[in-house]
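Chain by chain, the residues run as shown.
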Amino acid sequence: MITTNGHELKEQDFTYPMESEVYHLNGRQIVKPSSFLLLFSRIAETHLETFEANFSRLSKFGYSWALISISIDVERPFGACVPLVGQTWASARKGPYFRREMRFADPEGNVYFRGSTYSVIIDLESRSVYRKKELPLPIPEETPEFCTESISPHFRETLDFEEVAVRTVNPSEIDALGHVNNCRYGDYAFDAMTAEERELLSGLRHMDVYFISEMREGDRFAMEKAWLPEEKRLVVRGHNLTKDDISFVLDFRF
């Protein structure tokens, strides 16, 4: 716990002013899926650094955070180069899964989008999930205030997917953990959309992202889509052909 002038500060006492960037929107001024992931990643790492629980701190003990899923509710769109105020806090823990909330608003407090994430701690050598009750270092205490009603670590639906492209993981898409950075999956999904589907993103209401299996440099993967018109919902997933497993799923609701 952080204290100032003798008073204990909770995670929700911290806010992070920032500004949206030109990159966050496409040529039609529509927010790209990866932009939500980039902003969530940015505020989480900055915030956890404040509490000495970020990647740099964990990696010294041979561990790292790994994002498992993220659920986002979009209240209203934002433009390029507009001020954003981010806020985040740990909200729950269930077994190895750590839930965290995030909220992005304008300086007056009007929310643009909000969401929840599930993460685990992984052993960097074995790549296995840390399951001991005792944690490798202090983690901020949970505040059970939630930004989304429903979030799950797993995608369990069976849908009819159609293959639309086959890609190969490039060196530039790999991060310090040696796998495809989670923010890249938003770009993969965006690239797999038709022009009409990208236009639907202007009315995006909700997005779920599931990070299921690591992809590494040189892996070949198929982009697959399922459109559910009665739900006005598009589901995009990456099928790793090299490993023959599902790597990620993005579920868009308009």
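Residues numbered from 1 in each chain as written. Predicted model: local features only at pLDDT ≥ 70, side-chain atom pairs only at ≥ 80, totals over all residues. Heavy atoms only, no water.

Some thoughts on the packing of aromatic side chains
Then, in step 1: Per the counting criterion, the structure on display carries 19 aromatic pairs.
Then, in step 2: Note on Phe252 and Phe254: the rings are 6.4 Å apart at their centroids and 10 degrees apart in plane angle, and the pair reads as stacked.
Then, in step 3: Overall, the relative accessible area of 0% leaves Phe252 in the buried class.
Then, in step 4: For Phe254, a relative accessible area of 8% translates into the label buried.
Then, in step 5: Each member of the aromatic cluster is reached from another via a ring pair, and the members are Phe36, Phe40, Phe78, Phe104, Tyr112 and Phe113.
Then, in step 6: Of note, Arg76 hangs over the ring of Tyr112, and the distance from its end group to the ring centre comes to 4.1 Å. (Phe/Tyr/Trp six-rings, centres within 6.5 Å; stacked < 30°, edge-to-face > 60°. Buried < 20%, exposed > 50% of the residue type's maximum accessible area, 1.4 Å probe, protein only. Lys NZ or Arg CZ within 6 Å of the ring centre and 35° of its normal.)

Some remarks on the packing of helix α1 (residues 33-50) against helix α3 (residues 184-192)
Then, in step 1: Where α1 meets α3, the axes come as close as 7 Å, and the angle between the chain directions of the two elements is 175 degrees. On the basis of the axis angle, α1 is roughly antiparallel to α3. Listed contacts from α3 to Pro33, Ser34 and Leu37 of α1 are Gly186, Asp187 and Phe190. (Axes fitted to C-alpha atoms, helices over the stretch in contact; angles between N-to-C directions. Helix = DSSP H or I, 4+ residues; strand = E, 2+ residues; numbered from the N terminus. Parallel < 35°, antiparallel > 145°, perpendicular 65-115°, else oblique. Contact = heavy atoms within 4.5 Å.)

Side note on the nonpolar core
Then, in step 1: By size, the foremost hydrophobic cluster in this structure holds 46 residues, and its most contacted members are Phe36, Phe78, Phe113, Tyr188 and Phe252.
Then, in step 2: Tallying contributions element by element places α1 first for this core, with six residues.
Then, in step 3: The contact partners of Phe113, leaving out residues within four places of it in the chain, are Phe36, Leu39, Phe40, Ile72, Asp73, Val74, Glu75, Phe78, Arg103 and Phe104.
Then, in step 4: Counting ten residues, the second largest nonpolar core, distinct from the first, contains Leu48, Ala53, Tyr130 and Leu137. (Core = buried A, V, L, I, M, F, W, Y, C linked by side-chain atoms within 4.5 Å.)

Digging into unusual backbone geometry
Then, in step 1: Here the phi dihedral of Cys81 falls at roughly 60 degrees; this positive angle occurs in a residue that is not glycine.
Then, in step 2: In this fold, Cys81 is placed in the loop between β4 (63-74) and β5 (83-94).
Then, in step 3: The phi dihedral of Asp244 is positive, around 55 degrees, even though this residue is not glycine.
Then, in step 4: Relative to the assigned elements, Asp244 resides in the loop between β11 (233-240) and β12 (245-253).

Observations concerning the environment of Ser64
Then, in step 1: On the secondary structure map, Ser64 appears in strand β4.
Then, in step 2: Under the relative-accessibility criterion, Ser64 is labelled buried at 1%.
Then, in step 3: Residues Ser64 and Ala222, spaced 158 residues apart in sequence, show a C-alpha to C-alpha distance of 28 Å.
Then, in step 4: Non-local contacts of Ser64, meaning those with residues more than four positions away in its chain, are made with Phe55, Leu58, Val120, Ile121, Ile122, Leu124 and Leu177.

Here we look at the pattern of salt bridges
Then, in step 1: Inspection of the entire model under this criterion finds 18 salt bridges.
Then, in step 2: A salt bridge links Arg103 to Glu145; the nearest nitrogen and oxygen atoms lie 3.8 Å apart. Here Glu145 lies in the loop between β7 (111-123) and β8 (162-168) and Arg103 lies in strand β6 (residues 97-105), a separation of 42 residues in the sequence.
Then, in step 3: Given the relative accessible area of 22%, Arg103 is considered partly exposed. (Salt bridge = Lys/Arg side-chain N within 4 Å of Asp/Glu carboxyl O.)

Points about the sheet that holds β5
Then, in step 1: Taken together, the ten strands give an open sheet; going across it, the order is β3-β5-β6-β7-β4-β9-β12-β11-β10-β8, and neighbouring strands pair in antiparallel fashion. Among the strands making up the open sheet, the edge pair consists of β3 (16-19) and β8. Neighbour-to-neighbour, the strand axes of this sheet turn through a mean angle of 25 degrees, independent of strand direction.
Then, in step 2: The sheet strands contacting α3 are β8, β9 (206-211), β10 (220-228), β11 and β12, and the helix crosses β12 at an angle near 70 degrees. (Pairing = 2+ DSSP bridges.)

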